[in-house]
Amino acid sequence: MFGSNLLDRSKPERITDQAWQHLVSAVSSASDSVRDTARSARRGGSGFADEAGDLVGSAADEARRRATQAFDALAGRRPALPWTLLIGATLVGAAIGWAAGTAARAAGSRGDRAMDDIEFVDVDRPNSPVGLDG
């Protein structure tokens with residue numbers, strides 16, 4: 001083996017043997033470290049890879065959609081009407097109109113009841129409940 005008898009060799013050979021031993025020990029400790037790192041990366045990397053795959057997939061879908069729209073625009077085709085958005089806006093408008101109508105009717109009926117309680121007085125008649133002495 002290298003360096004088994006370091007005293008019998010010349011100085012450059014001893015330095016070479018020591019460097020070789022340091023290199024072998026560094027490589028063996030580095031391979032253990034790399035092995036541990038690979039294990040931990042394999043454990044944590046599967047979730048990261050799934051997330052990255054989803055992100056790339058959604059980006060590819062968006063790119064495909066935009067490319068199709070650009071091709072249609074260049075071909076002179078108009079985009080389709082967003083029926084879902086139009087129907088949703090119509091339903092929201094109808095709901096707001098119904099709520100406003102119900103609130104207006106409720107306020108109007110409360111006002112009618114309050115009007116029944118008010119007693120009107122004619123001030124031009126002398127025999128009215130509120131008389132003017134004069």
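Please read these numbers as outputs of a predicted model, since none were measured by experiment.

**Q** Please clarify how the overall build of the protein should be interpreted in this entry.
**A** Across its full length, the protein carries two helices and zero strands. When the 134 residues of the protein are sorted by exposure, 2% land in the buried category. Roughly 11,800 Å² of accessible area belongs to the protein as shown, and the carbon and sulfur atoms make up 63% of that amount.

**Q** I tried to follow a nonpolar patch on the surface on my own but got confused; where do I start?
**A** Residues Leu81, Trp83, Leu86, Ile87 and Leu91 make up a contiguous nonpolar surface patch of roughly 550 Å² in combined accessible area. Note that Leu86 resides in helix α2 (residues 83-117). Residue Leu86 is classed as partly exposed on the basis of its relative accessible area, which comes to 40%.

**Q** It is not clear to me how the pattern of salt bridges should be interpreted in this structure. Could you clarify?
**A** Proximity of charged atoms lets side chains of opposite charge pair with each other. Summed over the entire model, instances satisfying the criterion amount to four salt bridges. Among the ionic pairs, Asp61 bridges to Arg64, the shortest N-O distance being 3.1 Å. Residue Asp61 and its partner Arg64 are both found in helix α1 (residues 11-74); the two are separated by three residues, about one turn of the helix. Across the salt bridge formed by Glu62 and Arg65, the nearest N and O atoms sit 2.6 Å from each other.

Calculation rules
Residues numbered from 1 in each chain as written. Predicted model: local features only at pLDDT ≥ 70, side-chain atom pairs only at ≥ 80, totals over all residues. Heavy atoms only, no water. Helix = DSSP H or I, 4+ residues; strand = E, 2+ residues; numbered from the N terminus. Buried < 20%, exposed > 50% of the residue type's maximum accessible area, 1.4 Å probe, protein only. Areas by Shrake-Rupley, 256 points an atom, 1.4 Å probe, with all protein chains shown as cover. Patch = residues over 30% accessible without salt bridge, like charges linked within 9 Å, V, L, I, M, F, W, Y side chains within 5 Å. Salt bridge = Lys/Arg side-chain N within 4 Å of Asp/Glu carboxyl O.

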